[in-house]
Amino acid sequence: MLILITALIKRVPAYEVFVEGGKEGLQMAVSLLPFLLGMLVAIAILRSSGALDALVQLLQPLLDLLGIPAELAPLAILRPISGTAALGVTADIIQVYGPDSFLGRLASTMQGSTDTTLYILTVYFGAVGIKKMGNALKIGLIADFIGIIVSVIIVTWLFS
């Protein structure tokens, strides 16, 4: 109501402005589809090819050093790429180990403590035509890494 009253007072044609915004939103959604589709296909290939499992095996010594359980490595790898894929991994972990287990709590905390850096860069930067995103990528991945490590520390401290 506040928006409609404000529009009435300022003599803004609220319905027409709303419809125009809807058109722009739809055009933006259509322009994002190729980027989104490419990201989803890449994630599906990564998971179904076994490459993700091979990467986890390769990273096992580093994971042990950082105190990250091997079961959570796919989540740590996929979270910066895709929120949907990471949510699927989190749901699998919670289904297998339970929501009140150490791994369930850690997966939930990790899910909420990191962001979809590569997804954001691919979709949003691509949609507006930003080509140079090196610094944003570095900072985003550093923030994701810190979020993962701090998740492990906090959940270990609180629930072990």
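All of these numbers come straight from a predicted model, not from anything done at the bench.

Trainee: Residues and numbers for the packing of aromatic side chains, please.
Mentor: For any two aromatic rings, the description comes down to two numbers: the centre-to-centre distance and the angle of the planes. Counted under the stated rule, the structure contains one aromatic pair. Ring geometry for tyrosine 119 against tyrosine 124: centres 6.3 Å apart, planes inclined by 90 degrees, an arrangement best described as edge-to-face. With relative accessibility at 22%, the residue tyrosine 119 sits in the partly exposed group. Judged by its relative accessible area of 44%, tyrosine 124 is partly exposed.

Trainee: I'd like a rundown of the packing of helix 7 (residues 117-128) against helix 8 (residues 134-159), residues and numbers included.
Mentor: At a closest axis distance of 9 Å, the pairing of helix 7 and helix 8 adopts a crossing angle of 150 degrees. When the axes of helix 7 and helix 8 are compared, the pair comes out roughly antiparallel. Contact residues: helix 7 offers Thr117, Leu118, Leu121 and Phe125, while helix 8 offers Ala136, Leu137, Gly140, Leu141 and Asp144. Each residue belonging to the contact of helix 7 with helix 8 can be placed in one class, and the counts come to six nonpolar, two polar and one charged.

Cut-offs used in this document
- Within every chain, residues take consecutive numbers counted from 1 along the sequence as written.
- It should be noted that, the model being predicted, local features are given only for residues of pLDDT at least 70 and side-chain atom pairs only at 80 or more, the latter also being counted only at that level, while totals for whole chains, interfaces and linings use all residues.
- No hydrogens and no water enter the side-chain calculation; it runs on all heavy atoms of the structure.
- Put simply, two rings from Phe, Tyr or Trp (the six-membered ring, in Trp's case) pair if the centres are within 6.5 Å, and we call them stacked under 30 degrees between planes, edge-to-face over 60, tilted for the rest.
- Here the term buried applies to any residue with accessible area under 20% of the maximum for its type, exposed to any over 50%, and partly exposed to those in between, with areas from a 1.4 Å probe on protein chains only.
- The axes are straight lines fitted to the C-alpha atoms, using for helices just the contacting stretch, and the angles between their N-to-C directions are given from 0 to 180°.
- Only DSSP runs of H or I covering at least 4 residues are called helices, and only runs of E covering at least 2 are called strands; the numbering of each starts at the N terminus.
- Working rule for angles: under 35 degrees goes down as roughly parallel, over 145 as roughly antiparallel, 65 to 115 as roughly perpendicular, anything else as oblique.
- Throughout, a contact is declared for two residues whenever any of their heavy atoms are within 4.5 Å.
- Each residue is assigned to one of three groups, with Ala, Val, Leu, Ile, Met, Phe, Trp, Tyr, Cys and Pro labelled nonpolar, Asp, Glu, Lys and Arg labelled charged, and all others, Gly among them, labelled polar.

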